[in-house]
Amino acid sequence: MWRGRIGARVWSAHQGAGGARFLGKDAARRARAAHRGLAFDPAERQGSGPEDFAPVTLTTPAFDEMTADGLIRGPYAEIARWLAATPQAALEQRRHEAELLFKRIGITFAVYGEGGDPERLIPFDIIPRILARAEWDALSRGLVQRVKALNLFLADVYGRQEILQAGRIPAALVRDNDAFRPEMAGFMPPGGVYTHIAGIDVVRTSPSEFWVLEDNCRTPSGVSYMLEGREAMLRLFPGLCAAHRIAPVGHYPEELLETLKSVAPPGCRGSPRVAILTPGSYNSAYYEHCFLADEMGVEVVEGPDLFVEDDVVFMRTTAGPQRVDVIYRRIDDDYLDPRVFRPESVLGVPGLMAAYKAGNVALANAPGAGIADDKAVYPYVPDMIRFYLGEEPLLANVPTYLCERAEDRAYVLDHLHELVVKLTHGSGGYGMLVRPHSTAEQRADFAARIKASPSEYIAQPTLALSTVPTLVEKGIAPRHVDLRPFVLSGREVRVVPGGLTRVALREGSLVVNSSQGGGTKDTWVLEDDPADIARPAQGQAQC
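Residues numbered from 1 in each chain as written. Predicted model: local features only at pLDDT ≥ 70, side-chain atom pairs only at ≥ 80, totals over all residues. Heavy atoms only, no water.

**Some thoughts on the overall build of the protein chain**
Next up, step 1: Of the regular secondary structure elements, the protein chain holds 15 helices and 28 strands.
Next up, step 2: Of all intrachain contacts in the protein chain linking residues separated by at least 6 positions in sequence, the fraction that spans at least 24 positions is 72%.
Next up, step 3: Accessible area for the protein chain stands at about 21,800 Å²; split by element, carbon and sulfur atoms hold 50% of it. (Helix = DSSP H or I, 4+ residues; strand = E, 2+ residues; numbered from the N terminus. Contact = heavy atoms within 4.5 Å. Areas by Shrake-Rupley, 256 points an atom, 1.4 Å probe, with all protein chains shown as cover.)

**Focus: the nonpolar core**
Next up, step 1: Among the nonpolar cores identified, the biggest contains 61 residues, and Ile 79, Tyr 252, Leu 256, Leu 260 and Leu 292 are the most heavily contacted of them.
Next up, step 2: The leading source of residues in this core is helix H8 (residues 223–236), at 7 residues.
Next up, step 3: Excluding residues within four positions of it along the chain, Ile 79 makes contact with Ile 127, Pro 128, Ile 130, Leu 240, His 244 and Trp 524.
Next up, step 4: The next biggest cluster of nonpolar side chains, apart from the first, holds 48 residues, and it includes Leu 173, Phe 187, Leu 336 and Val 381. (Core = buried A, V, L, I, M, F, W, Y, C linked by side-chain atoms within 4.5 Å. Buried < 20%, exposed > 50% of the residue type's maximum accessible area, 1.4 Å probe, protein only.)

**Section: the sheet that holds strand E13 (residues 312–315)**
Next up, step 1: Spatial ordering of the open sheet is given by E12-E13-E14, a layout of 3 strands whose pairing is antiparallel. Across the chains shown, the open sheet's two edge strands, defined by having one partner strand only, are strand E12 (306–309) and strand E14 (322–323).
Next up, step 2: As defined by bridge partners, E12 adjoins E13 across 4 bridges and the pair is classed as antiparallel. What sits directly across from Leu 306, in E13, is Met 315. (Pairing = 2+ DSSP bridges.)

**Focus: the side chain of Asp 215**
Next up, step 1: Mapped onto the elements, Asp 215 comes out in strand E9 (residues 210–216).
Next up, step 2: A relative accessible area of 4% means that Asp 215 is categorised as buried.
Next up, step 3: At 2.6 Å, the side chain of Asp 215 forms a polar contact with the side chain of Arg 146.
Next up, step 4: Excluding residues within four positions of it along the chain, Asp 215 makes contact with Arg 146, Leu 150, Gly 199, Ile 200, Asp 373, Tyr 378 and Val 381. (Polar contact = N/O pair within 3.5 Å; in protein donor to acceptor, adjacent residues only side chain to side chain.)

**A few points about H8**
Along an α-helix, residues three or four apart share an orientation, since each turn contains 3.6 residues.
Next up, step 1: Over its 14 residues, H8 extends 20 Å from the first C-alpha to the last, a length consistent with the 20 Å expected when each residue adds 1.5 Å.
Next up, step 2: Where burial is concerned, most of H8 is hidden: 11 out of the 14 residues are buried.
Next up, step 3: Those residues of H8 that fall on the buried side of the exposure criterion are Val 223, Ser 224, Tyr 225, Met 226, Leu 227, Glu 228, Gly 229, Arg 230, Ala 232, Met 233 and Leu 236. (Expected span 1.5 Å × (residues − 1).)

Given below as structure tokens:
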């Protein structure tokens, strides 16, 4: 392999060990197509809605992004040479330097519900994940299509609700959902955009198949890790970076600022003033709030720093009040304005919603955008794409069981040993049951929860997430990953190439969330497209 005998043994021991189950007609059709030697395109899937799949299981090996049938894939050719030529001790030293760098910068995240200091350093793996330009371009087109449809859905459900009237989505699922904000009914945000910053969680299962796991349309986080990870790689491995034509990500703050300014209210005079509204230093993503404010050259403010007068938002400064035109809010809806939402909130700004509805300030993302990323609404996104855009989805959804449905609930309760169960409003890896590592006691607990509150849970098959080479204690081994690209929507839709790769550092784990022991990787999109298969994987180095 590409890392001495120890690395080769570790890697070989893991190859093919990531078998998982797919459910649904897609899986069955893929199996039949593979048996006939044919390709299967998820876009050919017929029918609509989450009911368009059957409880069919298919065991599949995990796709390794570096190797294929014993060969090194083209995008990883230079990485394979680098790993073969670099001693294990040198890699360990670089990992230690990366850790010191992140400590010095102060990149931490908070873990709630555990004793001791909740602030932790996010683990960073120094072996980058690589995507060829053609792979990224195909993925990017699907991301843009999906976010466009999500924004049209939000405009519709807070407007004429045509998709509900057409019966494409159950009306009760939207109107009775806690994430639906009646206060937004009949209101069109500045620029007509609801989710300006979207983080779409994507997993890969084959050379050409990407699946969307979740849509994050409220306050997606993680972009600071993407940016700082790239800076760390450039500093620690300048030669390796120079040997690749890597699409840059450092312009993301400028793209974000342009996106925010582009949706400033029509009455804005001069250059729009932008501010980031944070809950404060105890928030898990506070570092990111400050980082982005610094990179964009704008102020990061807390609720008491702002006040509303005559339906106009002002910021308190040493030079006197200054009008604010656009607020990138990193506060949940419930805490935005105590006059409209939770009256006990001290994090928000009294009168903010009145100023918003008067057209004097833009809020990114818009209140109520969370209905678009609710996990019970997620199964209907392909129908949204067909309904609003008249197109077939470019990215596949994972088949999903809605536990509020009696038939789905019965199946889930009978197959907890092979499913992933999630809270419909959950995030961060909390409140999940993951099949490969669940115990009988945990499954019994989740069964009781589902029976008590079925509408609060959905279930999905355990996908065989792709693996990439990762530096672990025993050497280099494959670990499962996902990808969160960030999509910006203003006057135009922009996607910075790459995104945040999250890696499950624990052997065999499929949970990539940092709160559950996951780490991050730098994601490289290569500007040139090397041949898909470069050379044999064996014999890369000798110990």
